[in-house]
Amino acid sequence: MAEHALKTLDKSRKTLISRFLKGGEPEFPQRHAQLFDEYFCECFETSRVGPKMNISKNPYAIVALGGYGRREQCVFSDIDLLFLFKRRVPDEAADLVKEIVYPLWDLGLDVGHSTLSIGECIALAGEDFEVLTSLLDSRFICGMSILYSDVMEGLQRKTIRSRSKRIVSMLVENNRERHRHFGDSTYLLEPNIKEGQGGLRDYHTILWIARIKHGLRELRDLEYEGYLSHEEFGELTSALSFVWDVRNRLHQMAGRKCDQLHFEYQTRLARSYKAGRGSGLKPVERFLGELHSRMELIKQHHLMFLAELGYLEKKKQGRRIIQKRTHVKGLTVVKNLLNFTSPKAVVDTPTLLIEIFKESATLGIPLSVEARRVVKEFFYLVDDRFRSSEYVVKAFEYILITPAPDLNVLSEMLNTGFLGALIPDVTHIINRIQYDEYHLYPVAKHSLTAVQTLKTFGTHQDSQWNLFYGDLYREISRKKILLCWAALLHDVGKGDPRKRHAQRGSEIARAIMKSFGYGPDIQETIAFLVKEHLFLMKIATRRDINDEETAVYCARRIKDVKLLKMLYLLTVADSISTGPKAWNDWTEVLLRDLFFKVLATLEKGELASRRAIEEVETKKKTVLSSLPTRKKIKEAEALFQSMSPRYLLYCNAGEMIGHIELYNRLGDQEFVWSITKEDSSNTRRVTICARDRPGLFSRISGVFTLNNLNILDAQIYTWRNNIALDVFRVTPPQDRIFEEERWAKAENSLRAALAGTLELGEALREKKALSRDIIRRSEKRPHRVKIDNEISKFFTVVEVFSYDFPGLLFSITDVLYKNSLDVWIAKISTKVDQVVDVFYVRDIEGQKIDSQEQISKLKSEIEEVVADRLDEG
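Calculation rules
- Every chain is numbered independently, its residues counted from 1 as its sequence is written.
- Only residues with pLDDT of at least 70 get local features here, since the model is predicted, and only at 80 or more are side-chain atom pairs given and counted; chain-wide, interface and lining totals rely on the full set of residues.
- Only hydrogens and water are set aside; all other atoms, that is, all heavy atoms of the structure, feed into the side-chain values.
- Strands here are runs of E lasting at least two residues and helices are runs of H or I lasting at least four, both read from the DSSP assignment and numbered beginning at the N terminus.
- A 1.4 Å probe rolled over the protein chains alone gives each residue an accessible area, and that area as a share of the maximum for its type sets the label: buried under 20%, exposed over 50%, partly exposed in between.
- Contact criterion: two residues are considered in contact whenever any of their non-hydrogen atoms come within 4.5 Å of each other.
- Computed with a 1.4 Å probe, the accessible areas rest on the Shrake-Rupley method; for each residue, only the protein chains presented here act as cover.
- When charges are tallied, Lys and Arg are placed among the positive residues and Asp and Glu among the negative ones, while His and the ends of the chain are skipped.
- Charge coordinates come from a single atom per side chain, which is NZ of Lys, CZ of Arg, CG of Asp or CD of Glu.
- At least two DSSP bridges between two strands are needed for those strands to be called paired.
- Pairs of N or O atoms within 3.5 Å make up the polar contacts considered here, provided that, within protein, one atom can donate a hydrogen while the other can accept it, and that residues adjacent in sequence are counted only when both atoms are side-chain atoms.
- Salt bridge, as applied in this entry: a Lys or Arg side-chain nitrogen positioned within 4 Å of an Asp or Glu carboxyl oxygen.
- To define axes, lines are fitted to C-alpha atoms, for helices over the stretch in contact only, and angles between the resulting N-to-C directions are given on a 0 to 180 degree scale.
- Nonpolar side chains (Val, Leu, Ile, Met, Phe, Trp, Tyr) are joined into patches within 5 Å and like charges within 9 Å, using only residues with over 30% relative accessible area and no salt bridge.
- Any two rings among Phe, Tyr and Trp, with Trp reduced to its six-membered ring, count as a pair given centres within 6.5 Å; such a pair is stacked if its planes are under 30 degrees apart, edge-to-face if over 60, and tilted if neither.
- Residue types Ala, Val, Leu, Ile, Met, Phe, Trp, Tyr and Cys, when buried and joined through side-chain atoms within 4.5 Å, form a set referred to as a nonpolar core.
- When describing relative orientation, an angle under 35 degrees is termed roughly parallel and one over 145 degrees roughly antiparallel, while 65 to 115 degrees is termed roughly perpendicular and anything else oblique.
- Note: crossing handedness is left-handed where the near helix turns anticlockwise from the far helix by less than a right angle, and right-handed where it turns clockwise.
- Under the scheme applied here, ten amino acids are nonpolar (Ala, Val, Leu, Ile, Met, Phe, Trp, Tyr, Cys and Pro), four are charged (Asp, Glu, Lys and Arg), and all others, including Gly, are polar.

**Q** What exactly am I supposed to notice about the overall build of the protein here?
**A** A count of helical and extended segments in the protein gives 39 helices and 14 strands. Projected onto its principal axes, the C-alpha coordinates of the protein cover approximately 110 × 70 × 55 Å. The 873 residues of the protein split such that 56% are buried. Pairs at least 24 residues apart make up 71% of the contacts formed inside the protein by residues separated by at least 6 positions. By element, 49% of the accessible surface of the protein is carried by carbon and sulfur atoms, the whole surface being about 39400 Å². In the protein, the 130 positive side-chain charges and the 121 negative ones have mean positions that sit 2 Å from each other.

Have a look at this one:
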């Protein structure tokens, strides 16, 4: 009876899953599949419907398909079945399905089934690619076994033998399309562990191709046939076991079939593996590092398998693949893959180990599977003498700076392990994960991506297509080598958690350059670039770059124009390679503006006060000459007397003309504003002219948050006639079609907030639930508040590191307002998965905060309000 079989299955599954979660079922997928086999066998034996179908005249069999056929039955994987009949599908088949399959649905299991005759099955496999691959994985469960033999023999005879080349080509192309859609899971923050590159589907593709071309059935057959060495077979089976284990635990946590490793599951999975802290890594980073390394191994075996069969290089439509040749003694090219002529050649000439990668960069073709094996076999030849060889250094320099758009040779060196042998410190950052929503790649891959990004500047492969970067890169000449070295090593310090990574990386980089035989000058240059690779971006996003002091401070620290250009390009490449949260239109504009200001300071010297006075007088003349009447000129001259020196120095003449027009529109209103689109970045400039009042900035920031407008930067100017002229740069409204209506709504909100009819605190509390997912997605880092009186001569600088949530900016500025502090400049930026809000403030008397008691009180109150808001969220 099906009822008895179902109860047995349900009880056995619960026991099996419980043992698995406790670590007691290393072969869970196979054992899980066996439980379903037992269920279907018992159902077949006790079926009430089966005997009515006259099985002797029209026999049938139950066949497992897909993952169930491969015995990869994860916790909530689909159970795919084929009810196979010899000649035709009888009417009673529907009752058979109802008897056997429907009870499984009651257990919450997803069961897919087909009822086909042998002829229908073979015909459908010839038409439908998914049916074909599902049958390639099929397995007989119960019934008349001869039917299964007949359908597989027919499939081989009528479909596979005659169309094997076409089928394999389709498999490879589908694979490429799948990778394009799901991405490279060895790089992604939330990888798809089944469909992404490096996922289980790559392994399945290897099996399908092996079955079609050579009739192989099991993974072990790949070792027997020479596609895998014994060691590689062990590595691959271990990697697959780990990924299957993760997939099963993910299913159990999600309570459903789930192959996307979302943030919300990552820390929980790390705890289930009892991944403790170590090497400066959080448990979740250790877990993700292990997962990425296992998926990288699956990816590499998949690529090697395709390469060995000649499917890795995609033939361009209408073109023959040009067969490459090498003239390097000891190397050969077979099927456009590089190989050594023999292992003995490597022993006789160890420099071939790097020469093969240099030739790969020159010819634009990868190493063969056998060459990769030889490289791994002879790692022991890479010693200090090898590294300091002038020939090896020159070869590596060539690889570093040679553009290779279709083949990243450095990645090939990393994946074979040769890069780690050549530069041992790199091994500490391989598969090292930074658990945040900021970095797209593990550290080592991020570093290689930064090098690759540098080499694209000024070429058609440049994703930014910014000619300025290309021009600057070409100017550097010999320094390109140093710049690429710096990009390669800029994060090497993340392998040692004892110090800040930039400082530690600088020390490591200096030692690495010395080991390669570079002189002291080059060592210091690389060490400086590594140490300061975060400097320009931090200044651009957290400091007032319009302040002369900022450019002078940077110039004094960098000292040299060539160093500035190199550091700037390194910063750009690092940020682009980190991801969209580190590099966007806004950060690009800020960084470029800072670069030009520092460049001007280095080239022309520190700006003198006399020059500043001359600039202000020139601006005044330009503004006054633009006015149409004598009356307007007199009004403007009087207004100039009310403008602060800082305003006169930092604003250009065109901005002043617009601000005077805004002031003339103000009349008796509380405020007026103008909104302009900035072409250089996808932002809006909102200029507000208002009657100054305590807490004005706080109210404006609250209204912007309420209307989903993110403040990126703010300059606050207060004239002596009690007029506030505040310039905000914000993200545009999400709804661009009705942008004007959104701005009108925000304007009405601000009028209500200033009139006291809109209680912003209450309104923002209704939005804060939206922030829960953001905060939940990663392990909380402690928020902190830093108050500095050294950075600026005229302002106290308040830095707040916290998690973003609706109303954060309002909450902080409200505390500043209640402490009688005026905000003059605000910089809003992102640091990893936190935000950094920076405020330049002064008290009501225009002085910096110098009382330690007041500093402690302010710091405590900001920390308290941020913590309270996070707890509420």
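More follows now that the structure is in view.
**Q** Even after reading the chapter, I still don't get the pairing of strand β6 (residues 337-340), so can you show me in this structure?
**A** Two faces belong to every sheet, and in a regular strand the side chains alternate between them. Residues Leu337 and Asn339 point to one face of β6 and Leu338 and Phe340 to the other, with burial holding for every one of them. For strand β5 (residues 331-334) and β6, the ladder comprises 4 bridges, and the chain directions are antiparallel. Bridged to Leu331 within β6 is Phe340.

**Q** Which parts of the structure should I look at to understand the side chain of Lys827?
**A** Along the polypeptide, Lys827 turns up in strand β13 (residues 821-831). A relative accessible area of 3% places Lys827 in the buried class. Within the structure, the side chain of Lys827 is placed 3.3 Å from the side chain of Asp713, a separation counted as a polar contact. Beyond its immediate sequence surroundings of up to four residues, Lys827 is in contact with Ala540, Thr541, Arg542, Arg543, Leu590, Leu712, Asp713, Val836, Asp837 and Val838.

**Q** I would appreciate a short explanation of the pattern of salt bridges in the present structure.
**A** Where charged atoms from two side chains of opposite charge approach closely, those side chains can pair. Applying the stated criterion across every chain yields a total of 44 salt bridges. Between Arg157 and Glu153 there is a salt bridge, with the nearest N and O atoms lying 2.3 Å from each other. Here the residue Arg157 and the residue Glu153 both occupy positions in helix α8 (residues 145-182), the gap between them amounting to 4 residues, near one helical turn. The shortest N-O distance in the salt bridge between Arg180 and Glu173 comes to 3.4 Å. Among the residues examined, Arg180 registers a relative accessible area of 51% and is labelled exposed. Connected through shared salt-bridge partners, Glu655, Glu678, Arg685, Asp713, Arg729 and Lys827 make up one network.

**Q** I would appreciate a short explanation of the sheet that holds strand β3 (residues 111-117) in the present structure.
**A** In any sheet, the strands associate via hydrogen bonds between backbone groups, in a parallel or an antiparallel arrangement. Pairing is mixed in the open sheet, where 4 strands are placed in the order β3-β2-β1-β4. In the strand order of this sheet, the two ends are held by β3 and β4 (139-143), each with one partner. The mean inter-strand angle of the sheet, taken between neighbouring strand axes irrespective of direction, is 25°. By the bridge criterion, 4 bridges tie strand β1 (residues 60-65) to β4 in an arrangement that is antiparallel. Residue pairing in the sheet places Ala61 in a bridge with Gly143 of β4. Across the sheet, helix α2 (residues 28-46) is in contact with β1, β2 (79-85) and β4; its angle to β4 comes to roughly 30°.

**Q** Honestly, a positive patch on the surface in this entry has me stumped. Any pointers?
**A** A surface patch of positive charge is lined by Arg500, Lys538, Arg784 and Lys786. Relative to the assigned elements, Lys786 resides in strand β11 (residues 784-788).

**Q** Looking at this structure, how should I read helix α12 (residues 263-272)?
**A** An α-helix turns once every 3.6 residues. As a result, residues three or four positions apart point the same way. Within the sequence span of α12, burial applies to Phe263, Tyr265, Gln266, Thr267, Leu269 and Ala270. Buried residues along α12 sit in contact with α11 (230-254) and α13 (283-308). Downstream of α12 by a residue or two, Lys274 has a phi angle that is positive, lying close to 50°.

**Q** Can you help me understand the packing of aromatic side chains in this one?
**A** Working definition: an aromatic ring pair is given by the centre-to-centre distance plus the angle between the planes. Throughout the structure, instances matching the rule amount to 38 aromatic pairs. Centre to centre, the rings of Phe396 and Phe516 are 6.4 Å apart; their planes meet at 20°, and the pair counts as stacked. Taken together, the residues Phe396 in helix α18 (residues 390-401) and Phe516 in the loop between α24 (501-515) and α25 (520-531) connect sequence positions 120 residues apart. Per residue, the accessibility class of Phe396 equals that of Phe516, and both read buried.

**Q** Explanation requested: the nonpolar core in the structure shown.
**A** Proteins that are soluble and globular tend to have nonpolar side chains buried together. Ranked by size, the top nonpolar core spans 100 residues in total, and within it Phe396, Leu422 and Trp485 carry the most contacts. Per-element tally for this core: the top contributor is helix α28 (residues 561-578), with 10 residues. With near-sequence residues (within four places) excluded, Trp485 lies in contact with Phe396, Glu397, Leu400, Ile423, Ile512, Met513, Phe516, Tyr518 and Ile526. Counting 65 residues, the second-largest nonpolar core is a separate cluster that includes Cys121, Ala125, Leu136 and Leu269.

**Q** Would you mind showing me how to read the packing of α25 against α28 here?
**A** The relative placement of two packed helices comes down to the angle between their axes together with the axis-to-axis distance. α28 packs onto α25 with a crossing angle of 45° between their chain directions and a minimal axis gap of 10 Å. It follows from the interaxial angle that α25 and α28 lie oblique. For the pair α25 and α28, the sense of crossing is right-handed. Taken together, the residues of α28 that come into contact with α25 (itself represented by Thr525, Phe528 and Leu529) are Leu563, Met566, Leu567 and Leu570. Among the residues making up the contact of α25 with α28, the classes are represented as 6 nonpolar, 1 polar and no charged.

**Q** Is there a simple way to think about the packing of helix α21 (residues 443-456) against α28 in this case?
**A** Their axes nearest at 8 Å, the elements α21 and α28 cross at an angle of 125°. Judged on the interaxial angle alone, α28 and α21 are oblique. For the pair α21 and α28, the sense of crossing is right-handed. Of α28, the residues touching α21 (which contributes His446, Thr449, Ala450, Thr453 and Leu454) are Leu569, Ala573, Asp574, Ile576, Ser577 and Thr578. Taken together, the residues of the contact of α21 with α28 break down into 5 nonpolar, 5 polar and 1 charged.

Taken by themselves, the reported measurements are silent on function.
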